[in-house]
Amino acid sequence: MKVLAIETSCDETALALLEVRGSVRTPHIRVRKNLVSSQIAIHAPFGGVVPNLAKREHLKNLPILYQQLAKKESELKPDLITVTVGPGLEPALWTGIEFAKKIRKEHFPKTPLVGTNHLEGHFYSFLLTARNGPIRWPAIALIVSGGHTILMRAESFTKWRMLGETRDDAVGEAFDKVARILNLPYPGGPEVEKLAAQGNPDVIAFPRPMVHDKSYDFSFSGLKTSVLYHMRDNPRSLKADVAASFQAAAIDVLAAKTARAAREFGARTVLLSGGVAANKALRKKLSVMSRKLSVAFIAPPFRYNTDNAAMIGVAGYFAHLRKKRFPLRANGTLSV
Ligand code: KG4
Ligand code: ZN
């Protein structure tokens, strides 16, 4: 089955073409094309994503990417078209949905078009790794992005439930805000990581919010505020130490809750995904933790951590199999 996928939920315009073979239990996915046009340079002067600028850029980039995809794919005849319907920035989501409808109408009127949940896309991104062997279920999935921090328990590719999520800021958002406090450029996550690599994580004892709380929920707003107060009260603090201490605090909480969930539910695999999964310190911590618990650890390669359409293609494929019909309407707050 060939799947054409479109993603425009935030500041990346992305198109992908996948080939899916195998069964529902052991799917085999080949990414034939994975095109991403990043808008970082456009939004950087504003220190964050400006929805209407994102919309304008998506409108400009979608036909360009589609031409690139179609030009080299002489037999581009998808069996399924899928597009992100949420969560995300509504003006941005609409551009993808309208574009998907348009190409379907013009080129592939008989091909089914299904909506995809962006967070399910991040969840399924682990299938884009070069792995050997089937997944060992059950799994605990940690999804960490700019908009979400979610812990899930999955029994199979099509059956899962949410255990907890952030009650305020997402962890990626906390990285971005700490970057701003430290006067680092946008997007902040990778910059904080770079600076943290030069610092000592033991210098400042930032709080580990909700680490002892019984729930699987998170909270990162207080941690960010602690960084703000620390800089206000200690302006001569070494920024690298602040970045390293903040990062260690955030990662400690993520790892502790993931480990507890893995133990409680007898997980055989831990899955990590979302933009913050690009953070090497987080990957290392979860990988070491998983080894100690004797569970497999899977995180997709870097290009599939941040927003992309390949993961949307996989999620769209499974949504189609599950006969899950997300309405083709932009939904800013759609949850998993
Ligand atoms: O998944 P994503 O591309 O978009 C959303 O769906 O939100 O995630 C973007 C988030 C941003 O907050 C960004 O700062 C963060 O992921 N991020 C990182 C790193 N790379 C991206 N955070 C920490 N360390 C990184 N290396
Ligand atoms: Zn995302």
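It should be emphasised that the depicted structure is a prediction, and the values quoted were computed from it without experimental measurement.

### Quick look at the coordination of the zinc ion (ligand 2)
The protein atoms that coordinate the zinc ion (ligand 2) are His-118 (NE2), His-122 (NE2) and Asp-307 (OD), at distances of 2.0 to 2.1 Å. Coordination at the zinc ion (ligand 2) comes from 4 donor atoms whose angles at the metal span 95 to 134°, giving a geometry best classed as tetrahedral. In terms of primary sequence, the donors binding the zinc ion (ligand 2) are separated according to H-x3-H-x184-D. Placement of His-122 in helix α4 (residues 118-124) and of Asp-307 in the loop between β10 (296-298) and α10 (310-321) is noted, with a sequence separation of 185 residues between them. The same class applies to His-122 as to Asp-307, namely buried.

### Things to note about the side chain of Glu-12
Along the chain, Glu-12 turns up in strand β2 (residues 12-22). Despite its burial, Glu-12 remains without a salt bridge, the nearest opposite charge being carried by Lys-60 at 13 Å. Polar side-chain contacts of Glu-12 include one of 3.5 Å to the side chain of Ser-38. The residues touching Glu-12, leaving out its near neighbours within four places in the chain, are Glu-7, Val-36, Ser-37, Ser-38, Gln-39, His-58 and Asp-307.

### Comments concerning helix α8 (residues 239-264)
The end-to-end C-alpha separation of α8 is 38 Å, in line with the 38 Å expected for 26 residues at 1.5 Å each. Looking one or two residues past α8, Gly-266 carries a phi angle of roughly 60°, positive in sign.

### Details of the sheet that holds β10
Strand order in this open sheet of 5 strands is β8-β7-β6-β9-β10, and the pairing throughout is mixed. The open sheet has two edge strands, β8 (160-165) and β10, and neither has a second partner. Averaged over neighbouring strand pairs, the angle between their axes works out to 20° when direction is ignored. Bridge count for strand β7 (residues 149-154) against β8 is 5 bridges, and the pairing is antiparallel. Residue pairing across strands places Ile-150 opposite Glu-165, the latter belonging to β8.

### Considering the sheet that holds strand β4 (residues 80-86)
Spatial strand order, β3-β2-β1-β4-β5: 5 strands in an open sheet with mixed pairing. Where the open sheet ends on each side, the last strands, each with one partner, are β3 (27-38) and β5 (113-117). The sheet shows a mean angle of 25° between the axes of neighbouring strands, taken without regard to direction. Alignment of β4 against β5, held across 5 bridges, turns out to be parallel. Following the sheet pairing, Ile-81 is matched in β5 by Leu-113. Packing of α10 onto the sheet brings it into contact with β1 (2-7), β2, β3, β4 and β5, and relative to β4 it is tilted by some 105°.

### Examining the layout of surface pockets
Considered as a void within the structure, the largest pocket measures approximately 1,300 Å³ in volume. Along its surface, the largest pocket is lined by 42 residues, and Asp-11, Ser-145, Gly-146, Asp-176 and Asp-307 are the ones closest to its centre. Put simply, the parts of the chain that give the lining of the largest pocket at least two residues each are β3, α4, α5 (171-181) and α6 (188-196). The leading source of residues in the lining of the largest pocket is α5, at 6 residues. Within the lining of the largest pocket, the residues separate by chemical class into 13 nonpolar, 19 polar and 10 charged.

### Quick notes on the site of ligand 1
Within the structure, ligand 1 sits among 18 residues, and Gly-146, Asp-176, Glu-193, Gly-275 and Asn-279 are positioned closest to it. Between ligand 1 and Asp-176 there is a distance of 2.6 Å, counted from an oxygen atom to a side-chain nitrogen or oxygen. At 3.0 Å from an oxygen atom of ligand 1 is found a main-chain nitrogen or oxygen belonging to Gly-275. Here ligand 1 occupies the largest pocket. When contributions to the shell around ligand 1 are tallied by element, the ones reaching two or more residues are α4, α5 and α6. Of the residues in the shell around ligand 1, the class split is 4 nonpolar, 11 polar and 3 charged. Three or more residues apiece are contributed to the shell around ligand 1 by two domains, here domain 1 (2-124 + 304-322) and domain 2 (136-299).

### Some words on the pattern of salt bridges
Going through the model one piece at a time under the given rule, you end up with 17 salt bridges. Between Glu-106 and Lys-102 there is a salt bridge; the shortest N-O distance is 4.0 Å. Separated by 4 residues within a single helix, Glu-106 and Lys-102 lie in helix α3 (residues 90-107), roughly one turn from each other. Residue Lys-102 is classed as partly exposed on the basis of its relative accessible area of 45%. Linking Asp-217 and Arg-167 is a salt bridge whose minimum nitrogen-to-oxygen distance equals 2.9 Å. In this pair, Asp-217 is assigned in the loop between α6 and α7 (221-233) and Arg-167 in the loop between β8 and α5, connecting sequence segments 50 residues apart.

### Some words on the domain arrangement of the chain
We note that the domain assignment places domain 1 (2-124 + 304-322) and domain 2 (136-299) within the chain. Here the C-alpha centre of domain 2 lies 27 Å away from the C-alpha centre of domain 1. If you look at the interface, domain 1 gives 20 residues, while domain 2 gives 20 residues. The three residues of domain 1 that bury the most area against domain 2 are Leu-119, Phe-123 and Asn-305, which together make up 41% of that side's buried surface. The interface formed by domain 1 and domain 2 holds 0 salt bridges in total. One can count 5 residue pairs in polar contact (both at pLDDT 80 or more) joining domain 1 with domain 2. Listed by contribution, the elements that provide at least two residues to the side of domain 1 that touches domain 2 are α1 (40-43) and α4. Ranked by residues supplied to the side of domain 1 that touches domain 2, first place goes to α4 with 5 residues. For the side of domain 1 that touches domain 2, the per-class residue count stands at 10 nonpolar, 6 polar and 4 charged.

What counts as what
Residues numbered from 1 in each chain as written. Chains lettered and ligands numbered in written order. Predicted model: local features only at pLDDT ≥ 70, side-chain atom pairs only at ≥ 80, totals over all residues. Heavy atoms only, no water. Donors = N, O, S within 2.8 Å, 3.2 Å for Na, K, Ca; no water. Tetrahedral: all angles 85-135°; square planar, octahedral: opposite > 155°, others 65-115°. Helix = DSSP H or I, 4+ residues; strand = E, 2+ residues; numbered from the N terminus. Buried < 20%, exposed > 50% of the residue type's maximum accessible area, 1.4 Å probe, protein only. Lys, Arg positive; Asp, Glu negative; His and termini not counted. Salt bridge = Lys/Arg side-chain N within 4 Å of Asp/Glu carboxyl O. Polar contact = N/O pair within 3.5 Å; in protein donor to acceptor, adjacent residues only side chain to side chain. Contact = heavy atoms within 4.5 Å. Expected span 1.5 Å × (residues − 1). Pairing = 2+ DSSP bridges. Axes fitted to C-alpha atoms, helices over the stretch in contact; angles between N-to-C directions. 1 Å grid on protein atoms, 1.4 Å probe; cavity = no way out; pocket = protein on both sides within 12 Å on 5 of 7 lines; lining within 4 Å. Points joined across faces, edges and corners; volume = space filled by probe spheres on them. Nonpolar A, V, L, I, M, F, W, Y, C, P; charged D, E, K, R; others polar. Near = heavy atom within 4 Å. Sits in = over half its atoms within 2 Å of the grid points. Domains from an automatic or database assignment. Buried area = accessible area lost by both parts, 1.4 Å probe.

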